[in-house]
Amino acid sequence: MKRALACFFLVCLNQLAMAQDELFDGATFDGWQGNTNEVWSIENGVIAGGSLDGNPHNEYLATKKSYKNFHLKLDYKLIGTEGFVNGGVQFRSKWLDNTTRNISGYQADIGHGFSGFIYDEHRRNKFLAEGDIDFISKVEKPGQWNTYEIIADGDLILLFINGQKVSVFRENDDSMDHSGLIALQIHGDCKAQISFRNIFIKELPEDGVPRTESIMSRFGNAQPNYPLPPFKDGEFN
């Protein structure tokens, strides 16, 4: 039994120590696709998208490589003066046409009161998981740099803002893609600019230790709700 437990923890430590890949080299758009002539730019190691002069429609900057199970970590900053000041990070997504303008798939939302929410962009067109707005407002720093983490592991998706878990979603529809592009988004119909830096991804293994969603499935199909509120006055009634 002790040997089995030791082996289990060794495998866990090995997974945690897996090397992460740099998706953005800080200087070029190598490995990315989007409107880099008019919408997306690079300055001082930062990718910026959109303009405070106005954004007529959604724009995306996507990886050329697809990812399935992963832990993505990046910094973001959103500023704006007018309209639907919003952006996001697409994942397990795909282009809908050849104009690099429309993408469908999961989105980790940013801004306009929806940071930390999981939206299904150009597919089911609805929020799949909604975070606690009061909690997120205490965690996120509007107009400043924040850190987003997205973990997609099989059917389970988790979002973290500045190290705090803000959304959990378990996909119960087997027809949804479990692999796709990572993409950065600036929303249309606003005067806003979104910036990203320090973009790293760690691909997760296909097998080995039982995956999180496999363990969660033993407890039924209910969607978890995070963060959980504290008991009133510290007591359970």
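As shown above, the structure is provided for reference.
Residues numbered from 1 in each chain as written. Predicted model: local features only at pLDDT ≥ 70, side-chain atom pairs only at ≥ 80, totals over all residues. Heavy atoms only, no water.

Draft legend 1. Geometry of unusual backbone geometry. If you check the backbone angles, arginine 92 has positive phi at about 50° while not being a glycine. Its place among the elements puts arginine 92 in strand β7 (residues 87–95). Of note, the phi angle at asparagine 198 is positive, near 50°, even though the residue is not glycine. Tracing the sequence through the fold places asparagine 198 in strand β15 (residues 190–203). (Helix = DSSP H or I, 4+ residues; strand = E, 2+ residues; numbered from the N terminus.)

Draft legend 2. Geometry of the pairing of strand β8 (residues 103–110). Counting buried positions along β8 gives 8 out of 8 residues, so the element sits mostly inside the fold. One ladder, built from 7 bridges, connects β7 with β8; its direction is antiparallel. Counterpart to tryptophan 95 in the pairing with β8 is isoleucine 103. Inspection of the sheet shows β8 paired to strand β9 (residues 118–121) by 4 bridges, in the antiparallel sense. Bridge pairing in β9 places alanine 108 opposite isoleucine 118. (Buried < 20%, exposed > 50% of the residue type's maximum accessible area, 1.4 Å probe, protein only. Pairing = 2+ DSSP bridges.)

Draft legend 3. Looking closely at the sheet that holds β8. Across the sheet, 7 strands lie side by side as β2-β5-β14-β7-β8-β9-β10; this open sheet has antiparallel pairing. Each edge of the open sheet is held by one strand with a lone partner, namely β2 (32–34) and β10 (127–129). When strand polarity is set aside, the average angle formed by the axes of neighbouring strands in this sheet is 25°. (Axes fitted to C-alpha atoms, helices over the stretch in contact; angles between N-to-C directions.)

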